[in-house]
Each structure stands twice: as structure tokens, then as C-alpha cells.
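Topology and contacts: notes
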2 protein chains.
Amino acid sequence: MAEESVAGDLPVKRPREEEENGVCVSAVAMETGGTKESDSISTVIPGWFSEISPMWPGEAHSLKVEKILFQGKSDYQDVMVFQSSTYGKVLVLDGVIQLTERDECAYQEMITHLPLCSIPNPKKVLVIGGGDGGVLREVARHSSVEQIDICEIDKMVVDISKQFFPEVAIGFEDPRVTLHIGDGVAFLKAVPEGTYDAVIVDSSDPIGPAQELFEKPFFESVSKALRPGGVVCTQAESIWLHMHIIEDIVVNCRQIFKGSVNYAWTTVPTYPSGVIGFMLCSTEGPPVDFKHPVNPIDAKDSNKSKGPLKFYNSEIHTAAFCLPSFARKVIDAKAK
Amino acid sequence: MAEESVAGDLPVKRPREEEENGVCVSAVAMETGGTKESDSISTVIPGWFSEISPMWPGEAHSLKVEKILFQGKSDYQDVMVFQSSTYGKVLVLDGVIQLTERDECAYQEMITHLPLCSIPNPKKVLVIGGGDGGVLREVARHSSVEQIDICEIDKMVVDISKQFFPEVAIGFEDPRVTLHIGDGVAFLKAVPEGTYDAVIVDSSDPIGPAQELFEKPFFESVSKALRPGGVVCTQAESIWLHMHIIEDIVVNCRQIFKGSVNYAWTTVPTYPSGVIGFMLCSTEGPPVDFKHPVNPIDAKDSNKSKGPLKFYNSEIHTAAFCLPSFARKVIDAKAK
């Protein structure tokens, strides 16, 4: 029951040269754990899943595996679901943890409510990626929203989430949701200008199928698809691990988005370095002050079927934009 | 080159019953990684250090080991230093990572400046634990401080830090510092009432030598040692992993400290769940509003020899007190 995939065999581009020699390995060893030199990099604690990637060289987070529930290969990536001993069920794509039942609330609530609570009465929302449905679940908490489109490239992610993560996939059940299976880049190009109040880009890392979602042409399409004063929130990696990627994103967004351009971050224990960032931008038009939400959701959460918010509140919304000095220095410089 | 220590053999009390059967294991397997049933729990990726503990069951963070620089056993704990491939040198006590050169700035700066920037002109400061010297380095940035006492129980930690972490141990070189090797609990009992403006408790986890530092009698001694309106900041675990411990600390502190009682947190990638919390309390007297620092250090940092602050700033000071809803709910309830 051991799986191994070497990045050299995957159709991925490396974000940086120093990672050319890196290998992207995921492995689950239940009864055995190879220890011979040849596969030492993929040897894990027997019965544990270890996350090793050139995106975070020299470190690996491991979760104890109770049972592997699904292992498959879609047209785009390796898909795995396992029952962990202390983080609930875990969704893994290409060897990288996407969500766990225990801490998914932090990522889903923040990537959704940071943008939607920053504009009054969002009506039309587009989600790129987010095939697990968690972001949809959070968008649906906003009673002002009339239309929720989602474009996910990998149908297997949607099907697997509905099968194994009902409390996350519940987002698909909202009648306002329309699911499009396809390439988010192509989908956006076809969107009439100024269609959406908000676009949320819930992508995986920029190696593999999500790579284009971190490049300039994609941000240009997002900008066109937004109405004046519309907002985008995109997954923007870790201030501890990926400042070079974040710098590129900030530079691109500053050139393309003529409104606000801000970086926020939050804690997610099962993501590398324990944090994940978000790039929040607005188009030219009615000004958006992301740091001071004008559309609070705390009190008026009307979707009791989904349970109350576990993580997000207006205080932590504002706090998310306060950066450590080492990150503020770099991001402020690039944002000017 | 494999080291293994089973908590059952250590003179430690477990904080919770469910951990009675847990084992506290640290292991570094350089050339080999055992995989037979008997030691599967301690098997790690060969060449990697893995942090496995009943304090965070079912998960383990691993760092790639370039070279083990020191392994020893003091009167109180196992001490190890290794060169990691991407986090610089790493200090490990009883199998738990205490600091890495790459991210120590976050912990040292926050645990120090959260209390010291919350009161005007701190003059006398006591550090309990903190034998690596990093907190001293940060306290010394405050030009108002005239006396810095530190009581560390384990001389080996001080010696090892001076030998392997000169940029951290530089804190010992400040002429205002007096080092006391001994038991912090006993030291505090002997301190005349109202001696200190601030006490910083830089402890390890509440299993092992630091356990008493999380108990009520210790907090009572701290309260007595502080002047009216004096402040204490103590390491207070993770909101993701240790809410039961945090609840106990909050309840104790609310009973003992008649001024402010607040919980703050920050990101530290190499600590379990990627975050660490701080309990900040003030004694009866001049009121202290921890959330709004009255003694900013950002601009007036006069200790260029130590380099500029890397993490702390006034914005992140205030942000550190904003809690996720799941944590705020529990802590606010106990703080009343």
C-alpha cells in the first residue's frame, strides 16, 4: 500500500530553478516503510502520510493514517482520501494536503469572507477551483448573493468531496450554484466584461494544474470579468516559504488592478509552515477598503444548516492584513 | 545514530489522562530507519528529525538533518542540536523543537514585546526559562530597562546556546543581565513583593521540567513578584491543539491577576500546528490595555548590534489578540 510519484515524471513546471533537482513525493506506508538508499526520500513513518515537496524543501508534515479511503488518478492529478487519527478525513491532491475536516474552516471561511465582507451586497460570485465545495458553502452564507458560478477543472475532486466530505460538499446543494467542469482560464476568457462582484480563486500550488492561475494573463481575465469596484481573492501561498512567489503575484496584481491591492494571511495547521496567504485586489471603481469590512456576516449568518462560523469574525478579518515586519517590508515595496 | 526516549521512562506527569498511554518519542535516523512493528512509532524518514509527542497526537513535523552537532543529557532533559537543511541550526529539548535559526524571531520578539510594549518605561524585568538567551536579546532592545534577571533551571541549555546559537545567546552579553541557574518556582518565592515591572515565562511544554510553570501556585508567585500594574507574559500553547490547557491557564490567571487577562497568539512554523499562544496578565494597579501598546519599539530600536526587528511591529501586536471564533468563544467564557 505504498504510492510514490516523482515530480520528474509529472507534467509540472518548477516555480524556481533551485527546485529543478527537487522531487515531489508523497507516500503512505501502512505495514512497511522502505529504507534503502534509493527510496529514502519517500520513506515515511509506517502508518503515517508524509507531505514532501520541492515547494517546501527540507520539511515534511505527517499525519497518522487510520485508513486509506480512496486512491485514484484523474486526468489532472493523483487524488487520495484517508481517515487520519486526529484530523478527521483528509483530501490529498498530487501528494499535497488540500483539506482536513479538523481545520478546513480556517481556509474556507477566510478566503470567502475576506472578499465578500469587504463589499456591500455581493450578488454575482465566481469560484475558480474549489471543487471540494467548501468555498461554495461559505459564499452561500451571504443572503445578498443571487448567483454562484464555480469552474473546477477536475470532476473527480467534486465527486470525491461529495462522497467523503458531505459537510464540505454541502456547498453544491445551494440552488444558486452552477457547476462548470472545465479550465478556469478558458472559462474566464469567455465571461462578459464586468459580470461578477467577486471572484474567488481557490487553487492548489503553482506546480501542476493550477500553475496558470498564478500568471499575469489569468489576473487580466479576472480583472475584466469583475465589475468596477469588484474584488478578487486568490490563494497566495506562505509568507514563511514563498516570498518570491508572493512578490511576483503582488507585482502582477499592482499592474493589473487599479483599486486596492492587499495581502492577508491566516493559520491552517495542516498547510506547510502552518499559514496560508490571500491576495485581495479590487478593480477601478467604488473604492474598497479590505481592512475594514463593510458587510459583516458574524451576526446575520442565516445558513444554520451549515452550522455557525467556526473561525471567521470581523476582528480576525482586519487582523489578517497585519503582516510580520519581514513580509511587510517586501510586500509594501512591491505594492508601491 | 538513533535516539529514542519513551515518556514512560521520564520523570514527567501527563497533563491529561488520554495521554497516559502516549509515548513521547524523538528520533533521528541517519543511515537507517527501523520499520519493524516494535519500533514503528519511532521510525522516521531516514536523515530527518521527526517530532512525535502525546502533546500533539497523530501528527509530526519533520526537518531534514544535515548534521547532528550535539546530543547530550542534562540533569533535566535530553538536549540536541542539529544543522537542518532549510531552517538553519535547531535546538531540541526532550525531542521537542525549541527554536530554529529561521523562525525564532517570531516567538522571541512576540513573547517579549507584547508585554514590554504594553507598559510605559519598564525598568526591572525577570525572565523564567529562556536559557537560549533569545528573550534577553529582545528585552535588551528596550532602553528604559535597567535590570534583567533570568532564572534558567538547565545550565546545559545556556552553554549549548552560547556554543551553537551566538545570534540568540547574544542576549547574555548585555551588561544589565544577571543569570541565575536554578528552579524558577523557588527563585520567584524568594523575590521581594512588587520587585518587577514585567515577568516573561519562556517555558517548554507542561510535561517535563516546565510543568510547575503552568500551575496556580506559580502564577501566585509571579503576581506577588510584580509591582502594581506589572505584567506577565507566559508561553500558552496552541489554540488548535491545547484548548483544555489554555482553559485551565485562563481560569487560574483570572482568579489571580486582578488587572487585565488576555490571550494572544502568533505564527511559528516549526511549532506544532504552526502557532503558539501567550497569556498576558497585569496585576491590580495602573490599568494595562494589552491590545493597544503604549510603548512602541518599532522606531526607537537602539540595539543595531542585534539587527533590526524581523517580526514584531505595533500592528501585529494588536492583531495578535484577535482570536478565531472557536477560540474566542472558549477563552471569553473562561475569562469572565
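It should be emphasised that the depicted structure is a prediction, and the values quoted were computed from it without experimental measurement.

1. Brief notes about the overall build of chain A
For chain A, the count of helices and strands is 9 helices and 13 strands. A buried classification covers 65% of the 336 residues belonging to chain A. When contacts within chain A are restricted to residue pairs at least 6 apart in sequence, those whose partners lie at least 24 apart make up 66%. Surface summary for chain A: the accessible area is close to 12100 Å², and the carbon and sulfur share equals 51%.

2. A look at the interface of chain A and chain B
The interface of chain A with chain B comprises 50 residues on the first partner and 50 residues on the second. Our enumeration of links across chain A and chain B arrives at 2 salt bridges. Its salt-bridge partner being Arg328(A), residue Glu315(B) comes within 3.7 Å of it at the nearest N-O pair. Applying the counting rule to chain A against chain B returns 24 residue pairs in polar contact (both at pLDDT 80 or more). Broken down by secondary-structure element, the contributors of at least two residues to the side of chain A that touches chain B are β2 (48-52), β3 (59-73), α1 (104-116), β12 (261-267), α8 (314-319) and α9 (325-335) of chain A. Broken down by class, the residue content of the side of chain A that touches chain B amounts to 26 nonpolar, 15 polar and 9 charged.

3. Details of the packing of aromatic side chains
Evaluated as defined, the whole model comprises 17 aromatic pairs over all chains. Ring centres of Phe49(B) and Phe82(B) lie 5.4 Å apart, and the angle between their planes is 40°; this geometry places the pair in the tilted category. Of the two residues, Phe49(B) sits in strand β2 (residues 48-52) while Phe82(B) sits in strand β4 (residues 78-84), which places them 33 residues apart along the sequence. In terms of burial, Phe49(B) and Phe82(B) fall into one category: buried. Aromatic rings pair up to connect Tyr107(A), Tyr271(A) and Phe278(A) into one cluster.

4. A word on the pattern of salt bridges
Evaluation of the coordinates by the stated rule reveals 18 salt bridges over all chains. With a closest N to O distance of 2.7 Å, Asp174(A) and Arg176(A) form a salt bridge. Taking the relative accessible area as the measure of exposure, Asp174(A) reaches 11% and is therefore buried. The shortest N-O distance in the salt bridge between Glu101(B) and Lys89(B) comes to 3.4 Å. Pair noted here: Glu101(B) is in the loop between β6 (96-100) and α1 (104-116) and Lys89(B) is in strand β5 (residues 89-93), with a separation of 12 residues, a long-range link. With relative accessibility at 17%, the residue Lys89(B) sits in the buried group. Salt bridges sharing common partners tie together Glu104(A), Arg137(A), Glu138(A) and Arg141(A).

5. What to know about the relation of the copies chain A and chain B
Expressed as a screw operation, the relation of chain A to chain B combines 0.0 Å of axial shift with a rotation of 180°, fitting to an RMSD of 0.0 Å. A rotation of that kind, with that shift, is consistent with a two-fold axis. Interface overlap between copies: 100% of the residues of chain A at the interface are likewise at the interface in chain B, consistent with a symmetric, same-surface contact.

6. Here's the deal with the sheet that holds strand β13 (residues 275-282) of chain B
All names here are of chain B. Strand order in the open sheet formed by 7 strands is β9-β8-β7-β10-β11-β13-β12, with mixed pairing between adjacent strands. On the outer flanks of this sheet lie β9 (177-181) and β12 (261-267), each paired with one strand and no other. This sheet shows a mean twist of 15° between the axes of neighbouring strands, independent of strand direction. Where strand β7 (residues 124-129) and strand β10 (residues 196-202) come together, 5 bridges link them in parallel fashion.

7. A closer look at the packing of helix α6 (residues 216-225) of chain A against helix α7 (residues 243-256) of chain A
Residue and element names in this part refer to chain A. Following both chains from N to C, one finds α6 and α7 inclined at 40°, their axes separated by 10 Å at the closest point. Classed by the angle they form, the pair α6 and α7 counts as oblique. As α6 packs across α7, the resulting crossing turns out to be right-handed. Each of Lys-216, Phe-219, Glu-220 and Ser-223 in α6 lies in contact with α7, whose residues at this interface are Ile-249, Asn-252, Cys-253, Gln-255 and Ile-256. Grouping the amino acids of the contact of α6 with α7 by side-chain chemistry returns 4 nonpolar, 3 polar and 2 charged.

8. Things to note about α7(A)
Between the first and last C-alpha of α7(A) there are 20 Å, a value that for 14 residues agrees with the 20 Å anticipated at 1.5 Å per step. Restricting attention to buried positions, one finds in α7(A) the residues Met243(A), Ile245(A), Ile246(A), Ile249(A), Val250(A), Asn252(A), Cys253(A) and Ile256(A).

9. What about helix α3 (residues 155-164) of chain B?
All names here are of chain B. Along α3, the residues that are buried comprise Val-157, Val-158, Ile-160, Ser-161 and Phe-164. For α3, the secondary structure elements touched by its buried residues are β3 (59-73), β4, β5, β8 (147-152), α4 (166-169) and β9. Where α3 starts, the residue carrying a side-chain oxygen 3.0 Å from the main-chain nitrogen of Met-156 turns out to be Asp-154.

10. Things to note about the UniProt feature "active site" (unreviewed entry) in chain A
All names here are of chain A. Residues annotated by UniProt as "active site" (unreviewed entry) correspond here to Asp-202. With respect to the helices and strands, the residue Asp-202 is situated in strand β10 (residues 196-202). Residues contacting Asp-202, with those up to four places away along its chain left out, are Tyr-107, Gln-108, Ile-111, Ile-128, Gly-129, Gly-130, Asp-132 and Val-135.

11. Some remarks on the environment of Val199(B)
Residue and element names in this part refer to chain B. By secondary structure assignment, the location of Val-199 is in strand β10. Distance in space between the C-alpha atoms of Val-199 and Asp-289 is 17 Å, their sequence separation being 90 residues. Setting aside residues up to four positions removed in sequence, Val-199 forms contacts with Leu-126, Ile-128, Val-222, Leu-226, Val-231, Val-232 and Cys-233.

Criteria and cut-off values
- Along each chain, the written sequence defines residue order, and numbers are assigned to residues from 1.
- In the order they appear in the text, chains get letters beginning with A and ligands get numbers beginning with 1.
- Selection of residues for local features in this predicted model requires a pLDDT of at least 70, selection of side-chain atom pairs for listing and counting requires 80 or more, and totals for whole chains, interfaces and linings are taken over all residues.
- Processing note: side-chain calculations cover all non-hydrogen atoms of the structure and skip hydrogens and water entirely.
- Only DSSP runs of H or I reaching four residues or more are called helices, and only runs of E reaching two or more are called strands; each is numbered from the N terminus.
- Think of it in three bands: with a 1.4 Å probe and only protein chains considered, a residue is buried below 20% of the maximum accessible area for its type, exposed above 50%, and partly exposed in between.
- Should any heavy atoms of two residues lie within 4.5 Å, those residues are counted as being in contact.
- Accessibility throughout is a Shrake-Rupley quantity obtained with a 1.4 Å probe, and a residue counts as covered only by protein chains that appear here.
- Each reported salt bridge corresponds to a side-chain nitrogen of Lys or Arg within 4 Å of a carboxyl oxygen of Asp or Glu.
- Counted as a polar contact is a pair of N or O atoms within 3.5 Å, where, for protein atoms, one must be capable of donating a hydrogen and the other of accepting one, and residues adjacent in sequence contribute only when both atoms are in side chains.
- Just so you know the grouping, Ala, Val, Leu, Ile, Met, Phe, Trp, Tyr, Cys and Pro go in nonpolar, Asp, Glu, Lys and Arg go in charged, and all remaining residues, Gly too, go in polar.
- Stacked, edge-to-face and tilted are the three classes for Phe, Tyr and Trp ring pairs, Trp counted by its six-membered ring, which pair at centre distances within 6.5 Å; planes under 30 degrees apart are stacked, over 60 edge-to-face, the rest tilted.
- The least-squares superposition of copies is restricted to C-alpha atoms, and to residues with a pLDDT of at least 70 in both copies.
- Think of it this way: DSSP has to see at least two bridges between two strands before they count as a pair.
- Axis geometry follows a simple rule: fit a line to the C-alpha atoms, using only the stretch in contact for helices, then measure angles between N-to-C directions, giving values from 0 to 180 degrees.
- Angle categories: roughly parallel below 35 degrees, roughly antiparallel above 145, roughly perpendicular from 65 to 115, and oblique for all the rest.
- With the far helix as reference, a near helix turned anticlockwise by less than a right angle produces a left-handed crossing, and one turned clockwise produces a right-handed crossing.
- By this rule the span expected of a helix is its residue count minus one, scaled by 1.5 Å.
- UniProt positions are given in the numbering used here, feature names are shortened, and annotations may be inferred rather than shown by experiment.

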